[in-house]
Amino acid sequence: MLIGEARKPSMRLSSTTLATAAAAILVIYSTVIAAQTGQGVVRGEVTDSSGGVLPGVTVVATAADGRLLETTVTDRVGGYVFRALPAGPAILRFQLEGFTSVVVRLGVQPGAETRVVERLEVAPLSETVVVHGDAPVDPTPFSPSSPPPVVTPVPVHDRDSVCGPAKPGASPESFGTIRSGRYEAKAGLYTAGTELIIDGGMLNGLEVGQNLVVRRYYRVRGLGRARADVIGEHSAGLLQIVAAGERLSIGVVMYACDELMNGDFLASFKPEAIRTPDPMGIPAYRDAARILFADEGQMLGAPRRLMVIDRGSEHGVSAGQRLTLFRKGRSAARPDVVGDAIVVAVRSDSATIRVERVTDAISSGDWAAPQGPSSVAR
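Residues numbered from 1 in each chain as written. Predicted model: local features only at pLDDT ≥ 70, side-chain atom pairs only at ≥ 80, totals over all residues. Heavy atoms only, no water.

(A) Region of interest: the overall build of the chain. A tally of helices and strands in the chain yields one helix and 23 strands. For the chain, the proportion of its 378 residues judged to be buried stands at 42%. A sequence separation of at least 24 residues applies to 65% of the contacts in the chain between residues at least 6 apart. On the chain, roughly 20,900 Å² of surface is accessible, and the fraction owed to carbon and sulfur atoms is 54%. (Helix = DSSP H or I, 4+ residues; strand = E, 2+ residues; numbered from the N terminus. Buried < 20%, exposed > 50% of the residue type's maximum accessible area, 1.4 Å probe, protein only. Contact = heavy atoms within 4.5 Å. Areas by Shrake-Rupley, 256 points an atom, 1.4 Å probe, with all protein chains shown as cover.)

Right under this line is the structure:
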């Protein structure tokens with residue numbers, strides 16, 4: 001170096017410094033873009049009543065007018081994030097099978113992050129109640145002095161094959177409808193062990209000892225090719241006729257999937273026998289069924305939740321069959337797998353499936369591929 005030459009300052013930066021600077025620039029850039037587009041970030045975590053993290057919780061974000069904005073599922077440490085929700089009022093719904101659902105209202109700020117930490121409580125347990133008695137049924141079934149009804153135990157079967165949603169048949173059947181409770185005419189909601197008055201009797205094909213599924217219809221919005229509403233069929237429980245007249249009958253609720261209601265109708269009891277699920281196999285993505293909808297009051301599929309697909313026995317679907325749940329990606333050869341399910345009940349053109357595992361929320365329009373034999377499956 002020549003005498004008197006000034007030493008130039010070094011411009012070298014460490015990789016750590018560069019990474020930190022890049023991250024800061026990215027955050028600033030994202031915030032500016034979010035503010036310009038009128039969007040905000042909502043982030044948080046979900047725990048149980050003891051403070052333990054809850055993975056697999058479905059978090060649904062909707063606008064104040066009910067529009068679905070975005071859905072996600074909490075990760076292995078109970079965390080979730082919505083990175084681009086529209087600014088303004090929003091509603092978060094937290095759902096996990098076995099826990100009470102929670103609804104949170106908040107305001108999303110443009111270019112800002114809102115943190116929502118929620119705790120879910122374990123849902124109350126329900127039990128199957130079977131009513132027994134030794135006295136015969138009074139021939140005048142509506143007398144308040146009648147002895148307790150005698151019921152016959154229900155054969156063992158897969159309860160999920162009765163409870164849950166279904167696609168209505170082309171020719172819906174009804175043996176009658178629930179008029180009221182036998183002793184509480186204005187109750188309106190009924191559970192296991194309740195005696196009910198039925199609008200329908202021997203002229204409708206009812207007879208003592210007959211088991212019937214209690215059902216009602218519900219509306220599912222925005223499905224189908226034209227995004228039109230469709231009708232789903234919900235099974236609320238199982239009822240047994242203990243006394244029958246020509247036009248009126250008495251029934252006892254053998255078990256309730258949830259509450260039975262006035263106006264629910266009675267249909268044939270055709271349960272699927274309990275069977276071991278098929279072995280795991282290779283998904284046939286090219287022969288997949290479409291997921292139609294979840295049960296009444298539910299929007300998304302989660303573990304242990306029941307949903308309906310658009311294929312049934314006419315397409316070779318059978319109870320116990322395993323399905324791979326997926327979404328179609330950019331490449332047909334690389335579908336986006338989001339879970340697994342098992343078929344629990346089958347009709348001619350549809351079937352009810354039970355979601356077993358998810359990596360993301362399952363919704364209508366997703367696909368269910370039947371799993372075929374595999375020499376490497378366990």
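Now, onward.
(B) View of the sheet that holds strand S6 (residues 102–108). What the four strands build is an open sheet, ordered S3-S2-S5-S6; its pairing is antiparallel. The open sheet has two free edges, formed respectively by strand S3 (68–73) and S6, since each of these has just one partner strand. Across the sheet, the mean angle separating the axes of adjacent strands is 20° when strand polarity is ignored. (Pairing = 2+ DSSP bridges. Axes fitted to C-alpha atoms, helices over the stretch in contact; angles between N-to-C directions.)

(C) Here's a closer look at the environment of valine 104. By the element assignment, valine 104 lies in strand S6. A relative accessible area of 15% places valine 104 in the buried class. In this structure the C-alpha to C-alpha distance between valine 104 and phenylalanine 94, which are ten residues apart in sequence, comes to 8.3 Å.

(D) Spatial organisation of the pairing of strand S20 (residues 322–327). Taken together, the six bridges between S20 and strand S21 (residues 336–346) define a ladder with antiparallel strand orientation. Across the sheet, the residue bridging to threonine 324 is aspartate 340, located in S21. Pairing between S20 and strand S23 (residues 367–372): four bridges, direction antiparallel. Pairing of threonine 324 across the sheet is with alanine 369, part of S23.

(E) Region of the structure containing the nonpolar core. Membership of the largest hydrophobic core comes to 20 residues, with the highest contact counts inside it found for Val42, Tyr80, Leu92, Phe94 and Leu120. Looking at this core, the elements that each hand over two or more residues are strand S1 (39–48), strand S2 (58–63), strand S4 (79–86), strand S5 (88–95), S6 and strand S7 (113–120). No other element matches S6, which puts four residues into this core. Among all residues touching tyrosine 80, those that are not within four sequence positions of it are Val42, Arg43, Gly44, Glu45, Val46, Val59, Thr72, Thr74, Leu92, Phe94 and Val116. Ranked by size, the runner-up nonpolar core spans 17 residues in total, among them Ala289, Val317, Leu323 and Leu325. (Core = buried A, V, L, I, M, F, W, Y, C linked by side-chain atoms within 4.5 Å.)

(F) Focus on the state of the cysteines. Scanning the model with the defined rule gives one disulfide in all. Between the sulfur atoms of cysteine 163 and its disulfide partner cysteine 257 the distance amounts to 2.0 Å. Because the torsion about its S-S bond is -80°, the bridge between cysteine 163 and cysteine 257 counts as left-handed. Placement of cysteine 163 in the loop between S7 and strand S8 (164–166) and of cysteine 257 in the loop between strand S14 (248–256) and strand S15 (260–261) is noted, with a sequence separation of 94 residues between them. Given a relative accessible area of 10%, cysteine 163 falls into the buried group. For cysteine 257, a relative accessible area of 23% translates into the label partly exposed. (Disulfide = S-S within 2.5 Å.)

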